[in-house]
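Now for the letters of each chain:
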Amino acid sequence: MSKTIVLKKGLELPITGSAEKRLSKTLLSDVVAVQPSDFKGLLPRLLVKEGDAVLAGSPVFSDKKNPDILITAPASGTVKAIVRGEKRKLLAVLIQTDPEQKYAPFEAKLPAEAEDVKKALLQSGLWPWLVQRPYGIIADPALTPKAIFVSAFNSTPGAADADFAFEGEIPAIQAGIDALAKIAEVHVSFNAKTYENSPLARLNATKHFFEGKCPAGNVGVQISHISPIHKDETVWTISLQGLAAVGKLFLKGRYDVRRMVAVSGPMAIQPAYVSALPGTPMTALKAFYSTNEDIVRIVSGDVLSGKTVGVEGYLGYFDNTVTLIKEGTEPEPFGWAMPLRWKQYSTDHCYFSWLTPWRKYDMDTNLHGGPRAFVMSDQYYAKVLPMDIYPLYLIKACLAGDIEKMEKFGIYEVLPEDLAVCEFVDPSKNYIQDIIAQGIDLMLKEMA
Amino acid sequence: MNKIFEKGGKLYWLHSTVDAFETFLAVPGTVAKKGAHVRDAVDLKRIMIIAVISAVPAAIFGMWNVGFQHSLATGLDMNILQEFWYGFLKVLPLFVVAYAVGLAIEFASAQIRGEEVNEGYLVSGFFIPLIVPVDVPLWMLAVAVAFAVIFGKEVFGGTGMNIWNPALLTRAFLFFSYPSQMSGSSTWISLRGAETVDGFTGATPLALVADGGMDGLINTTAQYGTSFWTMFWGGIPGSVGETSVIAILLGAAILLWTGVASWKIMVSEVLGLLAVAGLANLAGLSDLPCFYHLVMGGFAFGAVFMATDPVTSAQTEAGKWIYGFLVGALCVIIRLFNPGYAEGMMLAILLGNTFAPLIDHCVTSVHTGKRNKIAKA
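Summary of the structure given here.

How each quantity is defined
- Residues numbered from 1 in each chain as written.
- Chains lettered and ligands numbered in written order.
- Predicted model: local features only at pLDDT ≥ 70, side-chain atom pairs only at ≥ 80, totals over all residues.
- Helix = DSSP H or I, 4+ residues; strand = E, 2+ residues; numbered from the N terminus.
- Rg over C-alpha atoms; globule rule 2.2 N^0.38 Å.
- Buried ≥ 20, exposed ≤ 12 C-beta atoms within 10 Å, placed from the backbone.
- Core = buried A, V, L, I, M, F, W, Y, C linked by C-beta atoms within 7 Å.
- Contact = placed C-beta atoms within 7 Å.
- Axes fitted to C-alpha atoms, helices over the stretch in contact; angles between N-to-C directions.
- Left-handed = near helix turned anticlockwise from the far one by under 90°.
- Nonpolar A, V, L, I, M, F, W, Y, C, P; charged D, E, K, R; others polar.
- Parallel < 35°, antiparallel > 145°, perpendicular 65-115°, else oblique.
- Pairing = 2+ DSSP bridges.

1. Comments concerning the overall build of chain A
And step 1. From N to C terminus, chain A includes ten helices and 21 strands.
And step 2. Taken against the 2.2 N^0.38 rule, which gives 22 Å for 448 residues, the C-alpha radius of gyration of chain A at 22 Å falls within 12% of a compact globule.
And step 3. Principal-axis analysis of the C-alpha atoms gives chain A an extent of 65 × 50 × 50 Å.
And step 4. Counting over 448 residues, chain A shows a buried share of 54%.

2. Notes on the nonpolar core
And step 1. Counting 245 residues, the largest nonpolar core has V246(A), V261(A), V263(A), L324(A) and L394(A) as the members making the most contacts within it.
And step 2. Here this core gets 14 residues from one element, more than from any other, and that element is helix α2 (residues 44–74) of chain B.
And step 3. Beyond its immediate sequence surroundings of up to four residues, L324(A) is in contact with V263(A), G265(A), M267(A), A268(A), F288(A), Y289(A), V296(A) and I298(A).

3. Regarding the packing of helix α10 (residues 263–283) of chain B against helix α13 (residues 317–337) of chain B
Helix-helix packing is described using two parameters, namely the angle between the two axes and the distance between the axes.
Residues and elements named next belong to chain B.
And step 1. Packing of α10 against α13 leaves a shortest axis separation of 7 Å and a crossing angle of 40 degrees. Of the two elements, α10 crosses α13, and the hand of that crossing is right-handed.
And step 2. A breakdown of the residues in the contact of α10 with α13 according to their chemical character gives 20 nonpolar, four polar and four charged.

4. Observations regarding the packing of helix α7 (residues 391–400) of chain A against helix α10 (residues 432–447) of chain A
Residue and element names in this part refer to chain A.
And step 1. α10 packs onto α7 with a crossing angle of 60 degrees between their chain directions and a minimal axis gap of 8 Å. In terms of orientation, α7 lies oblique with respect to α10. In the crossing of α7 with α10, the sense of the turn from one axis to the other is left-handed. Note on element contacts: α10 touches α7 through I432, I435, I436, Q438 and G439, opposite I395, C398 and L399.
And step 2. For the contact of α7 with α10, the per-class residue count stands at six nonpolar, two polar and no charged.

5. Side note on the sheet that holds strand β4 (residues 44–46) of chain A
Residue and element names in this part refer to chain A.
And step 1. Spatial ordering of the open sheet is given by β4-β6-β7, a layout of three strands whose pairing is antiparallel. The two strands at the open ends of the sheet, each matched to only one other strand, are β4 and β7 (70–72). Between one strand and the next, the sheet's axes are offset by a mean angle of 30 degrees, whatever the strand orientation.
And step 2. Of the strand pairs in this sheet, β4 and strand β6 (residues 59–63) are connected by three bridges, and their pairing is antiparallel. Bridge pairing links P44 to D63 in β6.

6. Comments concerning the pairing of strand β9 (residues 90–97) of chain A
All names here are of chain A.
And step 1. Sheet topology places strand β3 (residues 31–34) next to β9; four bridges connect them, and they run antiparallel. Paired with V31 across the two strands is Q96, which belongs to β9.
And step 2. Bridge analysis of strand β8 (residues 77–84) against β9 gives seven bridges, and the strand direction is antiparallel. When the bridges of β9 are listed, I82 appears paired with V93.
And step 3. The antiparallel hairpin formed by β8 and β9 contains five residues in its connecting segment, where K87 sits at a positive phi of about 50 degrees.

7. Structural notes on the environment of A152(A)
Residues and elements named next belong to chain A.
And step 1. When you line up the elements, A152 lands in the loop between β12 (148–151) and α2 (162–165).
And step 2. With 65 residues separating them along the chain, A152 and G217 place their C-alpha atoms 7.7 Å apart.
And step 3. Ignoring anything within four residues of it in the chain, the contact list for A152 reads A162, V188, S189, F190, L200 and L240.

8. Description of the interface of chain A and chain B
And step 1. Each side of the interface is counted separately: chain A has 60 residues, and chain B has 45 residues.
And step 2. Mapped onto the side of chain A that touches chain B, the elements with two or more residues apiece are β18 (296–300), β20 (321–326), β21 (332–333), α6 (378–382), α7, α9 (420–425) and α10 of chain A.
And step 3. Counting residues per element, the side of chain A that touches chain B draws most heavily on α9(A), which supplies four residues.
And step 4. Looking at the side of chain A that touches chain B residue by residue, the classes come out as 29 nonpolar, 19 polar and twelve charged.

9. Some points on unusual backbone geometry
All names here are of chain A.
And step 1. The omega torsion across R133 and P134 is 0 degrees, close enough to zero to call that bond cis.
And step 2. Following the sequence through the fold, P134 ends up in the loop between β10 (131–133) and β11 (137–138).
And step 3. The omega torsion across C214 and P215 is 5 degrees, close enough to zero to call that bond cis.
And step 4. As for its position among the elements, P215 is in the loop between β14 (206–212) and α4 (219–226).
And step 5. For Y135, which is not glycine, the phi dihedral falls at a positive 85 degrees.
And step 6. Within the secondary structure, Y135 is located in the loop between β10 and β11.
And step 7. Classification of Y135 as partly exposed rests on a count of 19 C-beta atoms within 10 Å.
And step 8. For Q270, which is not a glycine, the phi torsion comes out positive at approximately 45 degrees.

Printed below as a string of structure tokens:
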């Protein structure tokens, strides 16, 4: 076992409602949705019309900027509706699923050349799983990255547990690693604490070991310790879920993106795992929130960086966690002035919850304050971010839209989700992830 | 909130004020719209109130000391409660004026900017009465507060954007605008024309040292004690809240326990002060033992409450060491070499505030340089 990288900075978020490690049911909903907004930087060109029959793996839309990049149907069936928003913006393609799933045929063989791997991933619609850094966009097939990074654990509380969710997928993940290794070296980062007993330990790749609190499981944090990204460098990342799908493509010749989804959060009734396809409507998970429907916020993704989708929404394409959390719309009389706030959690020593580290809290979505200018110094944010950057300087550079400063303070290394912990602790209640996302958008525009 | 206070309503001009009172009484039911779906329970109101609480011991001691110094100077026989009550009545108007003027400007500025009222002034308004002479005319204080809040803070964009500590700007404004009223024998003791005892001196220990060195301090016939321990517990004349090092250390303990203030700044200030004062001892420039500087004048109060303001101090960790050392060193340098005015802490911190962005720029540039070097290697 190579040297463990110990990350001292970070945050253990003591939230209740982790999913119990059991599969509660396997879902095949009547309808699945394919949503362009799940793919960062993609401009969709629609390839189907209402009434078309599709197989799992048939193209639904392509990217206008690069027509080779296809997004394909997660399930077979008929196109039921094409949902458009303002200015006819494509919001979703709804597919009425067949009871018996049929798969588009692909070649069940591991290609020998990198170019053939790329081609197979592009044709099958698995290409968007490859995320390119800097900026977190869909990888550019014309580039060869410095390396491909994978995080084999999740440090955000409530998120799907990799050891449980991927226990049955080890051969597929290994096949995925072998395929991508033809493009660039694949680095997999493990949780040093659970590695010994993890089924993932059987994987064969360049391994790294991390020990630390959230966000130590973020691939961005891991990259910054393994091989920081500098200007004019590109790396790719892919999730275990993506590797499993890539592996199944080459092992079975199928586009299979079914996954174990952790349904968790303080509002979840008997939180557990379900097996589901991306685009599964949240109504299919009603059993988990049926009694609290009017006060629950339904989030596709984890509690720190997921997207609010609501009852009418769908599971995001890349997500394997659904978080159910209470909308904190009730005012709290004298809240900030109370000496003790027994039910509230704070990392700050202005309260006392740091003295009871064993307690878990039913957190809700209340901001606990109003938006203010940044007052606390950089260290307040840096102490929860295990990266070698000055987070507050980066945030302020993004706010100012100052490209040079953004470069200086490390915009190439981060995605919004990496600074989610800073957003959590911020006493000035700024939307830090949004600020970073806007900074990245500005970089993309200026560098284009 | 009632509709008439919302945008388009008749009383919209009161929006920020109503919002400030509402959020003061209850944490509002606002939810995180995007980003992290859960947030830490702490907010700036909590952090600011901790800063205020930490200064309460110094304020209470200061009120008593105002009465105590008055009784020493006039020879009146007062018990401890009478002394406190005398001081309380003297200091209360300072609090009222500081808060009334400052908050009025804060509320108006927040409304003009269309923002919520920031709680930063709760702290500044509490510190201001503690760092001015107790007999300062109230109109002067009002003018100084208005200057500091408008030109020291609001023109930069409000709390979080200011370069200098607003409370210290208030004090600086008073001292440079009204020097005749801010100096002289009765500035630091509440007298208002009362009869004084024989051998009365209104000079503070620092002023005694400035005039006669260590001999001046030891051989004085002042009505108050001038030993190290008297200066440590605080029975000496001075600004309302600055005299008792014990009360200030109590506040420092609260600030450090809660992490509201940086221990790095406090420690490096002490180091900076001792280093320069020690050098002055060695070079024969001053016969006052270097550690006396710790308990004299405004050093302790400034080091704990003013220089650690997270907005105006250095932001980076390495920067905090440099900044604190600079403030401590400048304090002694001004005390020793400034002929006009015995105290140096106020100017030292304001100069430190001025240099803080530059210090941070150097620290972050060195850091980036190191990273790029690794990248090229």
